[in-house]
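Residues per chain are reported as follows:
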Amino acid sequence: MKKDLTSQIKQPEVIYVTAAFLLLVVFNIFLSDVLHEKVHRTGTELARQVYDLNLDPIASKDIIATLVESKGFAMNVTDVPHNFANFIDLEQEVFSYHTVSLRLFHWPSWVVESHLFIFLNLILIGAGYWGFRWWRVLSKKVLVAAAPPVKPIEKQVKPVLTKGELPKPLPHQDLNILYGVPTNYNHLFALFFWKTPFPANLDVDNYFKVVIAKGFGEFVNRSVKLLPSGGIAVTLNSVPATEVDKYTKRLHHVVYQACLNYRSDLSRGDIKIGVCNYRTGADQAVVYQLTKSALTLAKQSAWQHIHRLPFGHTQSSMLTDSNEHLFEYIKKKHFMLFFQPLFDLETGEILQHEALIRIRHKSLGLLAARHFIPQMTSKKDVLLLDQTVVTQVQKMLDNESGAMMVSINLHAMNWFNDEFWHWFKAQMQGFDAANKLQFELSEDDYLKQHKQLSSQFACLEKLSAGIVIDNVRSAENLVEYKQLNNVCSIKLAYELIHNIDTNTQQQKVVRQIIAKGNELNFPVYAVGVETRNELATLKNLGVIAAQGFYFAEPLQKLADITPFS
């Protein structure tokens, strides 16, 4: 029985070695094929790059030769070092993309990537040797135990199968990792905006294709597209995740320098960029919307010319977040209250602060009201939201002596919510600083609903709390505000403020509003001021006070800022 068992063990040894050898051969064939495919893709991308840059094969021969050499190819046999010419033949291949065809020479992939072949083969041989020794130890234990023949055969088959599974050819993406293609990378999609147009005879599309090609030559996969609006869209693929901010700033710098060639009077603030970084497989519609939002934020700011919104599961799900989810953030007090100061344009003193709430999202940081309020549509949610803001403002006024006026934007639902006003009356009992509160109401809401809001207005008047008419677009309805005794000011609509320094029609409307406001003794304030030119124009037109990021970012405490700071 012992002799039969020994013969059964020796036969699998031969099978094991043969299988391991065949597996090694198959793996090397597979690896060679993958590396050759890599060379083919690189050559095709090179042809595409030449096509995108619109390079002439004759006039731009030196440029093409430089690009070809940077990718490890050569246009002529004589350009390749002949170190192995006596042993290995060069390979030549034609790479085509649309109208461009490049006949290039290169060493075989197994020569160029010889270190990879050696490394992986050593790993497989080592794994096979370790498996063989493990199998031998197991087989000896079987012999000592004198187990029935069936059992050792089953145990012999199991380790052979197990060891046979270890050196399986790696998937394509794992090979990419081994020969240097990074997986921890992002793609960047950027939209650019500039105020001053380029000369009519300039081919903006081709110009920026060359600019981006020269500025980001290390990226094979990139694209530039001229938009109907006159701006450009740029895509950079395979950007290291740790260098996303670096390349975002570099994009802005490269485009800014390119614009200076034709518009020497441009400042960095005239070039705005919105960027979204995302991974492969991201919803392109969401990427585009996020990039547009980022560009809008950059355009609205005088000091932040670059704005980036990352794409991720949390970001995309937030766009369709449920009311209950956002409700829980308020309920669990995951928020912060900020105050936007309103400055007197003559003295520089702060006249009042506007209370602004920010939700502390677990992964997206602070979210402004414009991001989460549209998602809160239930009566319960917005009731808790405004109750929270009023309560926090009340505590702030109690704790900070001498604090100035604070204005609060109530949600439109709560102006008509009896439950809120019953709560508000009870909340204000014993509160001595109610006269420091002002509640902002949109002009459209007032004109449509002022009769239904008479009891709410009476409640605020009884408490000596003020009313601010917000988002005023014309002077024709100002006289109607005299019906209320506690209207303390009006605020211009943002659409009248933005770019007012260059729009004469906006200036005309604002001048009419100011004239009518002076006649009715209504001070006129401006919101959303972002640039020095906007501020100078508003001051010349007679605006008394203004607020916006030009002056200061929202603050957590009323005492965090002093006049003239």
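Residues numbered from 1 in each chain as written. Predicted model: local features only at pLDDT ≥ 70, side-chain atom pairs only at ≥ 80, totals over all residues. Heavy atoms only, no water.

Describing the overall build of the protein chain
Logical step 1: Within the protein chain, the secondary structure is distributed over 20 helices and 16 strands.
Logical step 2: Looking at the protein chain alone, contacts between residues at least 24 apart form 68% of all its contacts between residues at least 6 apart.
Logical step 3: Just so you have it, the protein chain exposes about 30200 Å², and 55% of that area is on carbon and sulfur atoms. (Helix = DSSP H or I, 4+ residues; strand = E, 2+ residues; numbered from the N terminus. Contact = heavy atoms within 4.5 Å. Areas by Shrake-Rupley, 256 points an atom, 1.4 Å probe, with all protein chains shown as cover.)

Re the packing of aromatic side chains
Note on aromatic pairs: each is described by the distance of the centres and the angle between the planes.
Logical step 1: Summed over the entire model, instances satisfying the criterion amount to 16 aromatic pairs.
Logical step 2: For the pair Phe-189 and Tyr-288, a centre-to-centre distance of 6.4 Å together with 55 degrees between the ring planes defines the contact as tilted. Separated by 99 residues along the polypeptide, Phe-189 in strand β3 (residues 185-194) and Tyr-288 in helix α9 (residues 284-300) bring together distant segments of the chain.
Logical step 3: Overall, Phe-189 belongs to the buried group, its relative accessible area being 14%.
Logical step 4: In textbook terms, an aromatic cluster arises when at least three aromatic residues are bridged by ring pairs, as seen for Trp-415, Phe-420, Trp-421, Trp-423, Phe-424, Phe-439, Tyr-446, Phe-457, Tyr-481 and Phe-522.
Logical step 5: When the ring centre of Phe-193 is taken as reference, the NZ or CZ atom of Lys-299 above it lies at 4.3 Å. (Phe/Tyr/Trp six-rings, centres within 6.5 Å; stacked < 30°, edge-to-face > 60°. Buried < 20%, exposed > 50% of the residue type's maximum accessible area, 1.4 Å probe, protein only. Lys NZ or Arg CZ within 6 Å of the ring centre and 35° of its normal.)

Focus on the nonpolar core
Logical step 1: Ranked by internal contacts, the top residues of the largest apolar core, which has 65 residues, are Val-393, Ile-408, Trp-415, Phe-424, Leu-437, Phe-439 and Ile-513.
Logical step 2: If one sorts the elements of this core by residue count, helix α13 (residues 379-399) sits on top with eight residues.
Logical step 3: Not counting the four nearest positions on each side in its chain, Val-393 is found in contact with Leu-337, Phe-339, Ala-355, Val-406, Ile-408 and Leu-437.
Logical step 4: Counting residues in hydrophobic clusters, the runner-up holds 30 residues, among them Ala-190, Val-204, Phe-219 and Val-244. (Core = buried A, V, L, I, M, F, W, Y, C linked by side-chain atoms within 4.5 Å.)

Quick notes on the environment of Gly-230
Logical step 1: Looking at the secondary structure, you find Gly-230 in the loop between β4 (222-226) and β5 (232-240).
Logical step 2: Sequence-wise, Gly-230 and Trp-194 are 36 residues apart; in three dimensions their C-alpha atoms are separated by 8.5 Å.

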